[in-house]
Amino acid sequence: MTADPSHQQQQQLAIILGPDPSQFETLISHLMSSSNEQRSQAEALFNLCKQAHPDALLLKLVHVLQASTRPESRTMSVILLRRQLTRDDSFLWPRLSASTQSTLKSTLLTCLQSESTKSMSKKLCDTVSELASAILPDNQWPELLPFMFHCVTSENSKLQESALLIFAQLAHYIGETLVPQLTTLHSVFYQCLSNAAGKSGDVRIAALGASVNFIQCLTSASDRDRFQDLLPLMMQTLTEALNGGQEATAQEALELLIELAGTEPRFLRRQLVDVVGSMLQIAEAASLEEGTRHLAIEFVITLAEARERAPGMMRKLPQFIHRLFAILMNMLLDLEDDPDWHTADTENEDAGETSNYGFGQECLDRLSISLGGNTIVPVASELFPSYLVAPEWQKHHAVHIALAQIAEGCSKVMVQNLEQVVSMVLNSFQDPHPRVRWAAINAVGQLSTDLGPNLQEKYHQRVLPALAGAMDDFQNPRVQAHAASAVLNFSENCTPDILVPYLDGIVSKLLVLLQNGKQMVQEGALTALASVADSSQEQFQKYYDAVMPYLKAILVNANDKANRMLRAKSMECISLVGMAVGKDKFRDDAKQVMEVLMSLQGSEMEADDPTASYMLQAWARLCKCLGQDFLPYMNVVMPSLLQSAQLKPDVTITSADSDAEIDEDDESIEMITVGDKRIGIKTSVLEEKATACNMLCCYADELKEGFFPWIDQVAPTLVPLLKFYFHEEVRKAAVSAMPELLRSAKLAVEKGQSQGHNESYIKQLSDYIIPALVDALHKEPEVEICASILDALNECVQHLLLQSSGPLLDENQVRCIVDEIKQVVTASSSRKQERAERAKAEDFDAEEGELLKEENEQEEELFDLVGDCLGTLIKTFKASFLPFFDELSSYITPMLGKDKTAEERRIAICIFDDIAEHCREAALKYYDTYVPFLLEACNDESSDVRQAAVYGVGLCAEYGGSVFKPLVGEALSRLDMVIRNPNSQHSDNMMAYDNAVSALGKICQFHRDSIDASQLVPAWLGCLPIKGDLIEAKVVHDQLCSMVERSDRELLGPNNQYLPKIVAVFAEVFCMKVLHNYLT
């Protein structure tokens, strides 16, 4: 509660709210003051008025709105009214008297009727909408809808527009309240969209917005269908605005239709051919503004991207895909041969490129990702040849730019046609125009990323020599630099055995480029050297002595402002080369390099200096290379690293309809719209923060107990970042660091390096980390990060099992983890159900099925980690975990169903296997429920499920005693089917076979009295040795040793007839062991 106003303040309030209206208007003007002090005082008084006299305050605001002669005061009063009447923390409506409420409602509607200024009318509509959305559902404004219907059917176009703007907002806020008026609204929207009534452009656009919002709020497909007849009128609104030269109006219409395409694409399905045809016509119209044509394309791309709501729909229109692809290719021709490009100065990197060119690139990328290779590759294959034989260099250039853009979305199809793709690109390495050669090199770089490692494995003998040749193009330094960059892309997806034969040629060329006068070429050479070293690892030692002096010279000498990036890249290269060749080779140079880095660490740097970011990563790589020898440098590294990890996001928030501008063209700012707010985030700050968090994780991982002194600073920095929703990489790094911090603490305590701390410190740290991870898991929107959190929780639980005192995790923490696992399983099942519904869509096709399969595979990874996490808890707590398992059973048993995927069945069986193995007698009560599933799964189609099932049968045979005895016969029959399967020795089936043999051995060992041992024991011996599952092999061969030691009668057989077989098995096992030791 705010304290009661002082006597002086009460006097001020009495004057402000008194009979003289100028006093209150002065307060309003002070709220807009540029003076911070004056504005702060005014805000304090305004808040006091709100607290002490809400009725008087709002009546004063209404009076200013009605009576003031100053436009800015009227504008401010309506903005303030809206804030007080918006349902949030400052919502004043419930505190107003009935009389004030009545006055406000009637005055707002009166003002709406009499207002002549367009911007004020819009703000009044916003205020009415905010209040109505709060009180209309409770029928507290019964006169509003009749008033709006009166306005919308009047002859006054301004009132029509106002009513439609309010309908649009109400549909957005409280659409369900308007559904009973569906028939009337349909008629109203139809009339207002129809030009027959001579409606103005503003009215028709407002009607379009209201229609779009209302259609979006309808949950019933049949209700939406009743609005189908509005769609031709919506399109007519657009085309007539264009025909009348009103492109601003047309752009408004397009933006509304794009919103509809994104949220309700199926609404457009019946008239898709007409709608998409019209949009492509607009996109092709050269006479129209670029912005208009871009919006028309955006509409079609948005429809293509609306996979979740209309899977496969756009792939049914191949003729339009062909047209759209041709339009986008044509946009790539909007490129000038700017002389600045040829100078190869970094600031002229985009010289000659236009907004058309950039937009075309972006759309090709999005289109290929949304429609996939089966749709896009045939279209591209048809269009590219004519471009490649055309005389214009721009057309050759466009093909390679387009190829690079579509590679990610079309990778699966393009990999099957690699020969044509590679030949087409490499042919252009000889093109007479340097920009075409550059584009071909660019395509090689992108294809190396998107089509790797297939491209590297099959075409290294053609691609690497071509790139090496391009590095000799001294007339065109930008081409040289790009060839070096492409070597980086190629080597990132490359194994050392592919790269090594080419190293002599590549490294020598890169060293020549390092001595080139052009900074861009030197930077390209540095990144390529770094990547080549990283990919070839110790094989790079041969070149170390030739390369390192150049790198150190750049690090020391490139110290002026123009060369900052060059120096930064040299740090990156030195640290990667050091990691590749290893500590012994790098040690002496490492000391010199770190001296330079330490001197830079202490110097002042400008905000845009890349050195700081590169240095963060270089220090971490040096730590990885030097290991514990790096510890003396931690005092230098950590302060700035923590500072970067603690950076606050640079965020600008405005309302979506605010007049305040965020520069959306600024590439350093990422725009997000959340509800009715626009958020601009400075990406460079987020990237530095993410890098720093990743580096902290690296140090903890590498230094282990040596990182202990920093835990108290790092944990409070990273734990809150588990819920840093501005940037995924920050969250991922924070998640990965949690088990590393616990491991560091545990090792430090166990090795006596914890500065006097004992196990209570680990417990305190885990009490901070575990609940934070569980809470983060509950709120995490990304499935991939949910999986990472489960993985981290699993590792944390493992680290909390101490040799001296057992688990440090308490029952409440286990309860939280288990409850969250239930939520994870439920949420995952819901997502899979939603996908199953999508698969029923009328346009669903094979390509969509493939994408759906990939999404479901991500869910299976999540389930896998659920299984790992539960397995660790079961191993840790054994029988005391069973009450939790009882709760989880209703989540686990459905996963055993035939309708579930093989991976879900495997995970559920593995969970029961863990229960049987670690809870032993206490687990017997679950046999009735789970063992029938286990026996049936022994003959599952999936070899992974079979392996888990037969392993479980072995465990039940070992620990099940009399409970398992009645099941021995069926178990033997099931195991026999696995062992005798003609394909049992196939590599896919070997693990299941080995585990079945092990299970058979356990039945022979623990249930000898229930079997014909003279038949089964020799049969078991006949299956030995087992060679696939080395863990089970040890168990089985140990059992064989024990049986031989006790001269097992059935094993040796009558007259020791099986002894030669036993000796042969031991000989083979011995040879296997010698070979294994030799190989490892």
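Quantities reported herein were computed from a predicted structural model and do not represent experimental measurements. (Residues numbered from 1 in each chain as written. Predicted model: local features only at pLDDT ≥ 70, side-chain atom pairs only at ≥ 80, totals over all residues. Heavy atoms only, no water.)

(A) Focus on the state of the cysteines. One pass over the full model with this rule turns up zero disulfides. C956 supplies the cysteine sulfur nearest to C919, a cysteine that is in no disulfide, at a spacing of 12 Å. The thiol of C1071 is not disulfide-bonded; the next cysteine sulfur, from C1041, is found 15 Å away. (Disulfide = S-S within 2.5 Å.)

(B) Fine view of the side chain of Q405. Examined against the element boundaries, Q405 turns out to sit in helix 21 (residues 393–415). With residues up to four places along the chain from it excluded, the contact list for Q405 reads Q361, E362, L364, D365 and S368. (Helix = DSSP H or I, 4+ residues; strand = E, 2+ residues; numbered from the N terminus. Contact = heavy atoms within 4.5 Å.)

(C) The pattern of salt bridges, seen in detail. By the definition in use, this model includes 61 salt bridges. A salt bridge links D767 to K763; the nearest nitrogen and oxygen atoms lie 3.0 Å apart. Within this pair, D767 and its partner K763 are both found in helix 37 (residues 759–779), separated by four residues, close to a single helical turn. On the accessibility criterion, D767 (33% relative accessible area) is partly exposed. Residue D864 pairs with R906 through a salt bridge whose shortest N-O separation is 2.8 Å. Here D864 is found in helix 40 (residues 846–877), whereas its partner R906 is found in helix 42 (residues 902–919), with 42 residues between them in sequence. Assessed through its relative accessible area of 26%, D864 is described here as partly exposed. (Salt bridge = Lys/Arg side-chain N within 4 Å of Asp/Glu carboxyl O. Buried < 20%, exposed > 50% of the residue type's maximum accessible area, 1.4 Å probe, protein only.)

(D) Seen up close, the nonpolar core. F630, Y699, F707 and F881 are the most contacted members of the largest nonpolar core, which totals 382 residues. With sequence-adjacent residues up to four places away left out, F630 is seen in contact with M594, W619, L622, C623, V637 and Y699. (Core = buried A, V, L, I, M, F, W, Y, C linked by side-chain atoms within 4.5 Å.)

(E) Representation of the packing of helix 40 against helix 42 in the model. At their nearest, the axes of helix 40 and helix 42 sit 9 Å apart, and the two run at 5° to each other. Judged by the inter-axis angle, helix 40 sits roughly parallel to helix 42. Across the interface between the two elements, E860, F863, D864, G867, L870, G871, I874 and K875 from helix 40 touch E903, E904, R906, I907, I911, D914, I915, H918 and C919 from helix 42. Partitioning the contact of helix 40 with helix 42 into residue classes produces seven nonpolar, three polar and seven charged. (Axes fitted to C-alpha atoms, helices over the stretch in contact; angles between N-to-C directions. Parallel < 35°, antiparallel > 145°, perpendicular 65-115°, else oblique. Nonpolar A, V, L, I, M, F, W, Y, C, P; charged D, E, K, R; others polar.)

(F) Broad picture of unusual backbone geometry. Cis rather than trans, the peptide bond between G452 and P453 has omega equal to 0°. Looking along the chain, the bond that leaves L1024 and enters P1025 is cis, with omega of -5°. With respect to the helices and strands, P1025 occurs in the loop between helix 48 (1013–1022) and helix 49 (1030–1045). A positive phi angle, close to 50°, is found at Q755, a residue other than glycine. Of note, Q755 is situated in the loop between helix 36 (728–750) and helix 37. Classification of Q755 by relative accessible area gives exposed; the value is 57%.

(G) Here's a closer look at the packing of aromatic side chains. Using the criterion set out here, one finds 18 aromatic pairs in the structure. Judged by centre distance (6.2 Å) and plane angle (50°), the ring pair of F325 and F384 falls under tilted. Residue F325 is found in helix 17 (residues 318–331), and its partner F384 is found in helix 20 (residues 373–389); the two are separated by 59 residues along the sequence. Accessibility expressed as a relative area gives 0% for F325, which makes it buried. The exposure class of F384 is buried, given its relative accessible area of 4%. Ring centres of F912 and Y927 lie 6.0 Å apart, and the angle between their planes is 75°; this geometry places the pair in the edge-to-face category. Placement of F912 in helix 42 and of Y927 in helix 43 (residues 927–937) is noted, with a sequence separation of 15 residues between them. These aromatic residues form a ring-pair network of at least three members: F149, F167, F189, F214 and F227. The ring of F724 carries K689 above its face, with NZ or CZ at 5.2 Å from the centroid. (Phe/Tyr/Trp six-rings, centres within 6.5 Å; stacked < 30°, edge-to-face > 60°. Lys NZ or Arg CZ within 6 Å of the ring centre and 35° of its normal.)

Geometric descriptors of this kind do not, in isolation, establish any biological role.
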